[in-house]
Amino acid sequence: MKIVLRNMMPIAAVLISGAMPAYAASEADFKTAYATAEAAEKEAGALRNQWTTTEATLAAAKKAAEAGQFDQAVASSKEAEALAKASIFQATSEKQRWKDLEIR
Amino acid sequence: MSTHPAISLVSAALALAAVVLAAPPAIAADTPNPVVEAKAFQQFFTHKFPKLKPEDFVNGPYSMNEDLHRQWEEKEQFPPYEFALETGKEMFATPFKNGKTYGDCFANKGIGIRQNYPYFDATEGKVVTLELALNRCREANGEPPFSYVKDEMASLTAYMAFTSRGKPFDIKIPDDPRALEAYQKGKQYFYTRRGQLNFSCATCHVQEPGERIRAEILAPALGILNAMPIYRSEWSGMGTISRRFTTCNSQIRGVPLGPQDEEYRDLEYYLSYVSNGLPISGPGARP
């Protein structure tokens, strides 16, 4: 019986951890995520191709962090990073692709 | 009969060199030819809209839709830009504190010269627009610059455009590689997709002129700057070329550049050049 119980402990631990609320983001998590997003947006700026949606999402991340909602702040930061990366991809690929539209 | 391997190798190398030399250099394909390109640009629109005369294109969406055209004719009885025009005329004639006027900064005292702007300034190696020249004139005479997007700047350019009505755009690209580069950069900006909506200027104004985007009818790129500045009902006021460019960028969810940044000046240079020969019709009114 003891052995059975010992064997079940790890399984129980996994089940209990699964039932626990998701890991709550900290201020440090936000700062890391925000800095990454901000760096990507800066790169888009150097390419002269920032998006208004990236700016708005970065602002939303900051606002959520100020309100102490770090889960939301991290999620918005990650979204802003994805948007910034998309704008960088656009600017890079358009360096050649614009020619496809040209009237000749 | 057998050939010496060394001779075969040399022959092959010579044949390869001949092929390579005969092919045009890759750079040539990218070298812009503004004269040929402007002709192709204008033909694209005249073929797309065979019923329109070339000079009709300067009327933007009003040339694309009969109902709008009738509305516009009635609107022109009491044009909404009239107040700005009167203000601009008065401002233009009023001396600065030092006694000089705007007219002192321009050829022909600033009258009937809109069609020559923008121009490439060989001294500074940059494109100079009328808006930029007006603010430089102010600063040279000890006055603070105006906002580039509306109000006073729109009034001044409205008056200057009015004195040039009917004169064909006459934009020059001097024999200077920097001028050609500015033209090319303007063209690149025009065709480059940007913003989250992934639109270029050409997406609306080359691919879809005459079509609706929400409630608006899209203007053709040909002649699109000839009517500037404009009173825009959407803005409930006047706007300059700078305003038009920055709001276009915002509408496609792109962060606009600063008014009169180099990209916008180059864009204006390109768009004006490809409309050479079409008459100035500004100030204009748009829905």
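In this report, we go over the structure that sits alongside the text. (Residues numbered from 1 in each chain as written. Chains lettered and ligands numbered in written order. Predicted model: local features only at pLDDT ≥ 70, side-chain atom pairs only at ≥ 80, totals over all residues.)

## Quick look at the overall build of chain B
Here comes step 1: Looking only at helices and strands, one finds eleven helices and seven strands in chain B.
Here comes step 2: Expressed as a percentage of its 287 residues, the buried residues of chain B come to 41%.
Here comes step 3: Looking at chain B alone, contacts between residues at least 24 apart form 73% of all its contacts between residues at least 6 apart. (Helix = DSSP H or I, 4+ residues; strand = E, 2+ residues; numbered from the N terminus. Buried ≥ 20, exposed ≤ 12 C-beta atoms within 10 Å, placed from the backbone. Contact = placed C-beta atoms within 7 Å.)

## Quick word on the sheet that holds strand β5 (residues 230-232) of chain B
Residue and element names in this part refer to chain B.
Here comes step 1: Read from one edge of the open sheet, three strands run β6-β5-β7, paired in mixed fashion. Two strands lie at the open edges of the sheet, namely β6 (237-239) and β7 (284-286), each paired on one side alone. The mean inter-strand angle of the sheet, taken between neighbouring strand axes irrespective of direction, is 35°.
Here comes step 2: Summarising the sheet, β5 and β6 pair through three bridges and their orientation is antiparallel. Bridge pairing in β6 links Ile230 to Gly239. (Pairing = 2+ DSSP bridges. Axes fitted to C-alpha atoms, helices over the stretch in contact; angles between N-to-C directions.)

## Focus: the nonpolar core
A general tendency of soluble globular proteins is for nonpolar side chains to be buried together.
All names here are of chain B.
Here comes step 1: Counting 61 residues, the largest nonpolar core has Ala158, Tyr270 and Leu271 as its most contacted members.
Here comes step 2: Ranked by the residues each element gives to this core, the list is headed by helix α7 (residues 151-162), at eight residues.
Here comes step 3: Residues in contact with Ala158, not counting those within four places in the same chain, are Tyr81, Ala84, Leu85, Gly88, Pro229, Met238, Gly282 and Pro283. (Core = buried A, V, L, I, M, F, W, Y, C linked by C-beta atoms within 7 Å.)

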